[in-house]
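# Residue-level structure breakdown
Residue-level listing of the chains:
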Amino acid sequence: MAEIFYDDDADLSLIQSKRVAIIGYGSQGHAHALNLRDSGVEVVVGLREGSTSVAKAKEQGLEVANVAEAVKGADVVMILAPDQSQRLIWTQDVEPNLKEGAAIFFAHGFNVHFGYITPSADHDICMVAPKGPGHTVRRQYEEGRGVPVLVCVEQDASGRAFELALSYAKAVGGTRAGAIKTTFREETETDLFGEQSVLCGGISQLITYGFETLVEAGYQPEMAYFEVCHEMKLIVDLINEGGLTKQRWSCSDTAEYGDYVSGPRVVTPAAKEGMKAVLADIQSGAFAKRFIDDQDAGAPEFKKLRAEHAAAPIEKTGQEIRKMFSWNSAVDADYTEGQAGR
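These numbers were taken from a predicted model, which means no experiment stands behind them.

Scanning the protein chain from N- to C-terminus turns up 19 helices and nine strands. Computed over its C-alpha atoms, the radius of gyration of the protein chain comes to 22 Å, within 12% of the 20 Å expected for a compact globule of 342 residues. Taken along the three principal axes of its C-alpha coordinates, the protein chain extends 65 × 45 × 45 Å. Burial status across the protein chain gives 38% buried among its 342 residues.

Okay, the layout of surface pockets next. The computed volume of the second largest pocket comes to approximately 180 Å³. Every residue lining the second largest pocket is listed: Leu-14, Lys-18, Asp-75, Val-76, Gly-101, Ala-102, Ala-103, Asp-124, Ser-158, Arg-160, Ala-161 and Leu-164. When its residues are assigned to classes, the lining of the second largest pocket shows six nonpolar, two polar and four charged.

A few words now on the sheet that holds strand E7 (residues 125–130). Taken in spatial order, the nine strands make up an open sheet running E1-E9-E8-E7-E6-E5-E2-E3-E4, and their pairing is mixed. Looking at strand neighbours, the two that pair on one side only are strand E1 (4–5) and strand E4 (63–65), the edges of this open sheet. For strand E2 (residues 19–23) and strand E5 (residues 76–79), the ladder comprises four bridges, and the chain directions are parallel. Residue Val-20 lies in a different strand from E5, and its bridge partner there is Val-76. Running at roughly 155° to strand E8 (residues 149–155), helix H8 (residues 161–171) makes contact with E1, E2, E5, strand E6 (103–106), E7, E8 and strand E9 (179–181) of the sheet.

What follows deals with a nonpolar patch on the surface. A cluster of nonpolar side chains, namely Leu-234, Ile-235, Ile-239 and Leu-244, defines an oily patch on the protein surface of about 320 Å² accessible area. Residue position: Ile-239 is located in helix H13 (residues 232–250). Under the relative-accessibility criterion, Ile-239 is labelled partly exposed at 31%.

Attention shifts here to the packing of aromatic side chains. Two descriptors summarise a pair of aromatic rings, namely the distance from one centre to the other and the angle between the planes of the rings. The tally for this structure, following the rule as stated, stands at seven aromatic pairs. Considering the side-chain rings of Phe-106 and Phe-184, the 6.4 Å spacing of their centres and the 80° angle between planes classify their relative orientation as edge-to-face. On the criterion of sequence distance, the pair formed by Phe-106 in strand E6 and Phe-184 in helix H10 (residues 184–199) is long-range, its members being 78 residues apart. The exposure class assigned to Phe-106 is buried, which follows from its relative accessible area of 0%. You can call Phe-184 buried: its relative accessible area is 0%. When the ring of Phe-287 is compared with that of Phe-291, the centres are 6.3 Å apart and the planes differ by 10°; the resulting orientation is stacked. With Phe-287 and Phe-291 both in helix H16 (residues 286–296) and four residues apart, the pair spans about one turn of that helix. On the accessibility criterion, Phe-287 (26% relative accessible area) is partly exposed. Pairwise contacts between aromatic rings join Phe-110, Phe-114, Tyr-116, Phe-287 and Phe-291 into one cluster.

The next subject is the environment of Ile-239. Expressed as a C-alpha distance, the spacing of Ile-239 and Ile-4, which sit 235 residues apart in the sequence, is 23 Å. Setting aside residues no more than four positions away along its own chain, Ile-239 makes contact with Leu-244 and Gln-247.

Turning our attention to the pairing of strand E3 (residues 42–46). Of all the five residues making up E3, four are buried; the element is thus mostly covered by neighbouring parts of the structure. The sheet contact formed by E2 and E3 spans five bridges and is parallel. Bridge pairing links Arg-19 to Glu-42 in E3. One crossover worth recording links E2 to the parallel E3 by way of helix H2 (residues 27–38), and it is right-handed. Pairing of E3 with E4 involves three bridges; the strand directions are parallel. Looking at E4, one finds that Val-44 is bridged to Glu-63.

Each value, and the rule that gives it
Residues numbered from 1 in each chain as written. Predicted model: local features only at pLDDT ≥ 70, side-chain atom pairs only at ≥ 80, totals over all residues. Heavy atoms only, no water. Helix = DSSP H or I, 4+ residues; strand = E, 2+ residues; numbered from the N terminus. Rg over C-alpha atoms; globule rule 2.2 N^0.38 Å. Buried < 20%, exposed > 50% of the residue type's maximum accessible area, 1.4 Å probe, protein only. 1 Å grid on protein atoms, 1.4 Å probe; cavity = no way out; pocket = protein on both sides within 12 Å on 5 of 7 lines; lining within 4 Å. Points joined across faces, edges and corners; volume = space filled by probe spheres on them. Nonpolar A, V, L, I, M, F, W, Y, C, P; charged D, E, K, R; others polar. Pairing = 2+ DSSP bridges. Contact = heavy atoms within 4.5 Å. Axes fitted to C-alpha atoms, helices over the stretch in contact; angles between N-to-C directions. Patch = residues over 30% accessible without salt bridge, like charges linked within 9 Å, V, L, I, M, F, W, Y side chains within 5 Å. Areas by Shrake-Rupley, 256 points an atom, 1.4 Å probe, with all protein chains shown as cover. Salt bridge = Lys/Arg side-chain N within 4 Å of Asp/Glu carboxyl O. Phe/Tyr/Trp six-rings, centres within 6.5 Å; stacked < 30°, edge-to-face > 60°. Right-handed = clockwise from strand over helix to strand, strands pointing away.

Structure representation (structure tokens):
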């Protein structure tokens, strides 16, 4: 069983005695920076020159500097830039400016686990990874609650790296809900596997095949969209509340019986074999190399796949269906505005 730590297990004064540089001010970056500040921690946000996030951070009363300057004065550096950008930021702005003995924190182990970032032996390397979007992390903190976090240490140069990581976790609100002890390897490989085989890749492919099957059989696209995509949230919310058992308890007997007898006909043992192959590529580093190599080349495969999937019939049908929900009328604006320039 996993070890789980709570507020009483963490000493907030450890992180309060440090100056923390948050590199990046996106979903996670803004939540970490604001929660740390409100927990009495000295925070500076490190951003590239010209970043649109500079104004956002300053509006919140946060100190902002370019990445190099932010790192120079920091005792703890939390790197929250996208995975594909981290190693470049590391070599150009972070590593040359680190204080002796500064601790380096991450919220995902990708770059450290796969060797794209390898700090010298005199630095603690830690992870504090909230298991929720940044806006949820911030909102829960403001409401006096917290989002569970993963906490681990890859390198303990100081002899107190785990205690410091727990202190950081407390400052962002994570130990209110619980901090689960793990490893960089476990977090990275399970995270990538979950995304690819179930949460993103698996669900999106299952929805797409379901939509195509109904439309090809002559049913209206709108009906197909409702049945295989729109109602997905209703089911996932039930699973989130009480697991698969509550989901089955909440639906009709007809749906529950169909779950048992038809689910295994669709998601067959062959799917599990495919999952094993996905996991093997993650464990070997093959997926990481494919992703980074593509990004280094300008992301041609990534952009091609994004465009192809965005143009799929189910996406066009979905945009029309979502207009029917008046309370949700602007839901597509955030990702469609400026889509062509991505």
